[in-house]
Amino acid sequence: LVHWQDHLKALCADIRGLDTGHLTIGTYYSTAACWLPNLIQAYQTNWPGIQIDLCEGGNHDLTQRLEEHQLDCCFFSEYTGSCDWIPLQHDELVAWLPQNHPLAKNSSFPLEALNDIPFIQPLPSQNTDLEQLLAAHHLTPRIRFTTSDNYTAYSMVAAGLGISLNNALMTRGWTGPVVTLPFDPPQYITLGIALPSLAQASPALKKFIACSKKVLSAL
């Protein structure tokens, strides 16, 4: 009821020509850091009266919040649930290695080399793309550490505590003694926007989605 009351208020404001409203957007940490600053800046240029709250997390929590209407939309990898899905871009999964790792000078990291290797797992039990990759290929790294923060995982790799993996978008702009290698064979995910219903989306959300497509197509 609260969700649809907010939706009605936004629709009435749009009819009156008022650009007001509120959006709660779920997102991966990678898209939050690399996509959303530019996207929100472009959106606020045209619709400065829309308040935007970001909710960062992993697949499991974000999916639950989206399906319970706690989020207006969510940026994450390909979604197969009951909500609408809009694909935006492909991204590659990559390995993070300490600089002194024996495979650090290779041009790629063999996927099977993930078996029984000291491993740092970010966001455990969140049905992340990392967990899905390991399960799909029946890979069992030796998990030594877990963390709820991707940058902490990156820093632990830099300290030589093990290797990790993530999507390439995550490390864009990060610097440190970490070698980033594509997998052999290459591994990709599709990033996009999921929302409860595109047809029933608020005017503010529809404008946000249109802005997202325009901004990301130019990146």
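What you see is a predicted model; the values in this text were computed from it and never measured.

**Student:** Sorry if this is basic, but what is going on with the environment of Phe-119 here?
**Tutor:** When you line up the elements, Phe-119 lands in strand β6 (residues 118-122). It is 6.0 Å that separates the C-alpha atoms of Phe-119 and Pro-141, two residues lying 22 residues apart in sequence. Residue contacts for Phe-119: discarding those within four places in its chain leaves Leu-114, Leu-130, Pro-141, Arg-142, Ile-143, Arg-144, Phe-145, Ile-163, Ser-164 and Leu-165.

**Student:** Sorry, what's going on with a nonpolar patch on the surface here?
**Tutor:** Nonpolar side chains collect at one region of the surface, where Leu-8, Leu-11 and Ile-15 lie side by side and expose about 300 Å² of accessible area between them. Relative to the assigned elements, Ile-15 resides in helix α1 (residues 2-15).

**Student:** Looking at this model, I keep getting lost on helix α4 (residues 59-67). Mind explaining?
**Tutor:** Every buried residue belonging to α4 is among Asn-59, Leu-62 and Leu-66, and all of these are buried. The buried residues of α4 all sit within an arc of 75° when viewed along its axis, so they share a single face. Buried-residue contacts for α4 involve β1 (21-27), β2 (50-56), β3 (73-77), α5 (129-136) and β9 (178-195). Positive phi appears at His-69, one or two residues downstream of α4, with a value of about 65°.

**Student:** Even after reading the chapter, I still don't get the side chain of Asp-129, so can you show me in this structure?
**Tutor:** Summarising the element assignment, Asp-129 is placed in helix α5. In this structure Asp-129 is buried but unpaired, with Arg-172 as the nearest side chain of opposite charge at 14 Å. Not counting residues within four places of it along the chain, the set of residues in contact with Asp-129 comprises Tyr-28, Asn-59, Ser-77, Leu-93 and Ile-189.

**Student:** Help me out: how do you make sense of empty space enclosed by the protein in this one?
**Tutor:** Empty space among the atoms can be located by rolling a probe the size of a water molecule over them. Applying the stated rule across the entire model yields 2 cavities of 30 Å³ or more. Size it by volume and the largest cavity reaches roughly 160 Å³. Forming the walls of the largest cavity are 15 residues, and the residues nearest its centre are Leu-123, Thr-128, Asp-129, Asn-166 and Asn-167. If you list the elements that add at least two residues to the lining of the largest cavity, you get α2 (29-34), α5 and β8 (164-167). Looking at the lining of the largest cavity residue by residue, the class counts come to 7 nonpolar, 7 polar and 1 charged.

**Student:** It is not clear to me how the pattern of salt bridges should be interpreted in this structure. Could you clarify?
**Tutor:** Side-chain pairing between opposite charges can occur once the charged atoms of the two side chains come close. Applying the stated rule across the entire model yields 1 salt bridge. One salt bridge connects Arg-142 with Asp-116, and the closest N-O pair in it is separated by 3.3 Å. You can see Arg-142 sitting in strand β7 (residues 142-147) and its partner Asp-116 sitting in the loop between β5 (109-110) and β6, a full 26 residues away along the chain.

**Student:** Could you clarify how one ought to interpret the environment of Glu-92 in this entry?
**Tutor:** Position of Glu-92 relative to the elements: it lies in strand β4 (residues 84-98). Those residues in contact with Glu-92 that sit more than four places away from it in its chain are Asn-166, Asn-167, Ala-168, Pro-182, Pro-186, Gln-187 and Tyr-188.

**Student:** Help me understand helix α6 (residues 150-158), please; the structure alone is not making it clear to me.
**Tutor:** Those residues of α6 lying buried are Asn-150, Ala-153, Tyr-154, Met-156 and Val-157. The buried residues of α6 occupy an angular sector of 160° when the element is viewed end-on, so they sit on one face. Where the residues of α6 are buried, they touch α2, β4, β6, β7, β8 and β9. Among the residues of α6, the N-terminal cap falls to Asp-149, whose side-chain oxygen and the backbone nitrogen of Tyr-151 are separated by 3.1 Å.

**Student:** How should I be thinking about the nonpolar core in this particular structure?
**Tutor:** The nonpolar side chains of a soluble globular protein tend to be buried, and buried together. Core analysis: the biggest nonpolar cluster contains 54 residues, and Leu-23, Tyr-43, Phe-109, Leu-114, Phe-183 and Phe-208 have the highest contact counts within it. Here Leu-23 is in contact with Tyr-43, Ile-50, Gln-51, Ile-52, Asp-53, Asp-72, Ser-202, Ala-204, Leu-205 and Phe-208, once residues within four sequence places are set aside. Core analysis: the next-biggest nonpolar cluster, separate from the first, contains 9 residues, Ile-120, Tyr-154, Met-156 and Met-170 among them.

**Student:** I would appreciate a short explanation of the pairing of β4 in the present structure.
**Tutor:** For a regular strand, side-chain orientation follows a simple rule: the groups alternate between the two sheet faces. Pairing analysis gives 14 bridges linking β4 to β9, with the strands arranged antiparallel. Bridge assignment links Pro-98 to a residue of β9, and that residue is Val-178. Of the pairings in the sheet, the one linking β4 to β8 comprises 4 bridges and is antiparallel in character. When the bridges of β8 are listed, Trp-96 appears paired with Ser-164.

Rules used in this analysis
Every chain begins its residue count from 1, and numbering advances along the sequence as written. Residue-level local features of this predicted model are given only where pLDDT is at least 70; pairs of side-chain atoms are given and counted only at 80 or more, and the full residue set underlies all totals for whole chains, interfaces and linings. Hydrogens and water molecules were not included; the side-chain quantities draw on all heavy atoms of the structure. Think of it this way: any DSSP run of H or I at least four residues long counts as a helix, any run of E at least two long counts as a strand, and we number them from the N terminus. Residue contacts are defined here by distance: any two heavy atoms, one from each residue, within 4.5 Å place the two residues in contact. For patches, a residue must show more than 30% relative accessible area and have no salt bridge; joins then use 9 Å for like charges and 5 Å for nonpolar side chains, namely Val, Leu, Ile, Met, Phe, Trp and Tyr. The method behind every accessible area is Shrake-Rupley, applied with a 1.4 Å probe, and residues are considered shielded solely by the protein chains displayed. We count a salt bridge whenever a side-chain nitrogen from Lys or Arg sits within 4 Å of a carboxyl oxygen from Asp or Glu. Relative accessible area decides the class of each residue, using a 1.4 Å probe on protein chains only: under 20% of the type maximum gives buried, over 50% gives exposed, and in between gives partly exposed. Note: the arc covers the axis-to-C-beta directions of the helix. A positive count includes Lys and Arg, and a negative count includes Asp and Glu. His and the chain ends are not counted in either. A cavity here means a set of 1 Å grid points, computed over protein atoms only, where a 1.4 Å probe fits but cannot escape. A pocket is an open set with protein on both sides within 12 Å along at least 5 of 7 lines, and lining residues have an atom within 4 Å of a point. Grid points are joined across faces, edges and corners, and a volume is the space filled by probe spheres set on the points. Residue classes follow a fixed rule: Ala, Val, Leu, Ile, Met, Phe, Trp, Tyr, Cys and Pro count as nonpolar, while Asp, Glu, Lys and Arg count as charged, and any other residue, Gly among them, counts as polar. Residues adjacent in sequence count toward polar contacts only when both atoms are side-chain atoms; beyond that, a polar contact is any pair of N or O atoms within 3.5 Å, and within protein one must be able to donate a hydrogen and the other to accept it. Nine residue types can take part in a nonpolar core, namely buried Ala, Val, Leu, Ile, Met, Phe, Trp, Tyr and Cys, and a core is a set of them joined through side-chain atoms within 4.5 Å. Strand pairing is assigned whenever DSSP detects at least two bridges linking the two strands.

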